[in-house]
Amino acid sequence: MLIQIIAFLFTFCFMEFMAWFSHKYIMHGFLWYLHADHHKKDHDSWFERNDAFFIFYAIISIGFFLLWKYEILSVGLAIGLGIFAYGLAYFMVHDIFIHQRFKIFRNANNKYARALRRAHKMHHKHIGKEDGECFGMLIIPWKYYKNA
């Protein structure tokens, strides 16, 4: 059981690195055409092409569930749940809290919340794929706490 908890926590934390890496080098790289509508809305739909990245990580999470189910990887459930939990946290923070895709959590007024919103705003000040900053989600540079 301890190994399952460690695998879950490690996976959740590792996903912050994966979010940063895939955002900086994939979304702002060769898959910019999927991510661009998140920086400059060029459509009337509630959905964005950028939402495809959620599907990608959901498939990976499901893959780990299946590896566990078929007894191929004993920590597959913990890893799949870690990916799922990070995806849920990402959705809650990024899509609901920051971008207000659902109109809830509008007035979170603590230092972390203000710093998080400021860091993300700085990321979105760049409309193109070049010259971006603040590619992570839950861990943000210290300078944004100081100014919060």
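In the block above lies the structure referred to throughout.
Just so it is clear, the model here is predicted, and its values are computed rather than measured.

Asks: Help me out: how do you make sense of the layout of surface pockets in this one?
Replies: Here the idea is plain: a probe the size of a water molecule rolls over the atoms and shows the empty space left. Reported here for the largest pocket is a volume of approximately 460 Å³. Lining the largest pocket are 26 residues, and of these Phe53, Phe54, Tyr57, Gly87 and Tyr90 sit closest to its centre. Sorting the residues of the lining of the largest pocket by element identifies helix 1 (2–30), helix 2 (32–39), helix 3 (52–69), helix 4 (76–98) and helix 5 (111–124) as the ones contributing at least two each. Its residues assigned to classes, the lining of the largest pocket shows 15 nonpolar, 11 polar and no charged.

Asks: I'm lost on helix 2 in this one. Help?
Replies: Quick reminder: α-helices carry 3.6 residues per turn. Residues three or four places apart thus point the same way. In terms of burial, helix 2 is largely enclosed, as seven of its eight residues are buried. For helix 2, every residue scored as buried is listed here: Trp32, Leu34, His35, Ala36, Asp37, His38 and His39. For helix 2, the secondary structure elements touched by its buried residues are helix 1, helix 3, helix 4 and helix 5.

Asks: Explain the packing of helix 2 against helix 5 here, please?
Replies: Working note: a packed helix pair is described by the angle between its axes plus the distance between those axes. Between helix 2 and helix 5, the least distance of the axes is 10 Å, while the angle of their chain directions is 115°. The way helix 2 lies across helix 5 gives a crossing that is left-handed. Residues His35, His38 and His39 of helix 2 lie in contact with helix 5, whose contacting residues are His120, His123 and His124. Residue composition of the contact of helix 2 with helix 5, grouped by class: no nonpolar, six polar and no charged.

Asks: Can you help me understand the nonpolar core in this one?
Replies: The nonpolar side chains of a soluble globular protein tend to be buried, and buried together. Grouped together as the largest cluster of nonpolar side chains are 24 residues, with contacts concentrated most on Tyr86, Val93, Ile98, Leu116, Met137, Ile140 and Tyr144. Contributions of two or more residues to this core are made by helix 1, helix 4, helix 5 and helix 6 (142–146). Per element, the largest residue contribution to this core is eight residues, and it comes from helix 4.

Asks: Sorry, what's going on with the environment of valine 75 here?
Replies: As for its position among the elements, valine 75 is in the loop between helix 3 and helix 4. Overall, valine 75 belongs to the buried group, its relative accessible area being 16%. As a C-alpha pair, valine 75 and isoleucine 6 span 69 residues in sequence and 9.6 Å in three-dimensional space.

Asks: Would you take a moment to explain empty space enclosed by the protein for this structure?
Replies: Enumeration over the complete set of coordinates arrives at one cavity of 30 Å³ or more. Size it by volume and the largest cavity reaches roughly 40 Å³. The wall of the largest cavity is formed by Leu116, Ala119, His120, Cys134, Gly136, Met137 and Ile140.

Asks: Where do I start with the packing of aromatic side chains in this structure?
Replies: Geometry of an aromatic ring pair is reported as the spacing of the ring centres plus the angle between the planes. Throughout the structure, instances matching the rule amount to 16 aromatic pairs. Taken together, a centroid distance of 5.7 Å and an interplanar angle of 40° make the contact between phenylalanine 14 and phenylalanine 17 tilted. Taken together, the residues span about one helical turn, with phenylalanine 14 and phenylalanine 17 both in helix 1 at a distance of three residues. Look at phenylalanine 14 and you get partly exposed, because its relative accessible area is 38%. On the basis of relative accessibility, which here comes to 41%, the residue phenylalanine 17 falls in the partly exposed class. The interplanar angle of 85° and the centroid separation of 5.0 Å between the aromatic rings of tryptophan 46 and phenylalanine 47 together place this pair among those described as edge-to-face. An aromatic cluster is present here, built from Phe12, Trp46, Phe47, Phe54, Tyr86, Tyr90, Phe91 and Phe102 joined pairwise through their rings. For arginine 101, the ring lying beneath its charged end belongs to tryptophan 46, and the centroid distance is 4.4 Å. A cation over a ring is seen here: arginine 117 above phenylalanine 97, with NZ or CZ 3.8 Å from the ring centre.

Thresholds applied
- Residues numbered from 1 in each chain as written.
- Predicted model: local features only at pLDDT ≥ 70, side-chain atom pairs only at ≥ 80, totals over all residues.
- Heavy atoms only, no water.
- 1 Å grid on protein atoms, 1.4 Å probe; cavity = no way out; pocket = protein on both sides within 12 Å on 5 of 7 lines; lining within 4 Å.
- Points joined across faces, edges and corners; volume = space filled by probe spheres on them.
- Helix = DSSP H or I, 4+ residues; strand = E, 2+ residues; numbered from the N terminus.
- Nonpolar A, V, L, I, M, F, W, Y, C, P; charged D, E, K, R; others polar.
- Buried < 20%, exposed > 50% of the residue type's maximum accessible area, 1.4 Å probe, protein only.
- Contact = heavy atoms within 4.5 Å.
- Axes fitted to C-alpha atoms, helices over the stretch in contact; angles between N-to-C directions.
- Left-handed = near helix turned anticlockwise from the far one by under 90°.
- Core = buried A, V, L, I, M, F, W, Y, C linked by side-chain atoms within 4.5 Å.
- Phe/Tyr/Trp six-rings, centres within 6.5 Å; stacked < 30°, edge-to-face > 60°.
- Lys NZ or Arg CZ within 6 Å of the ring centre and 35° of its normal.

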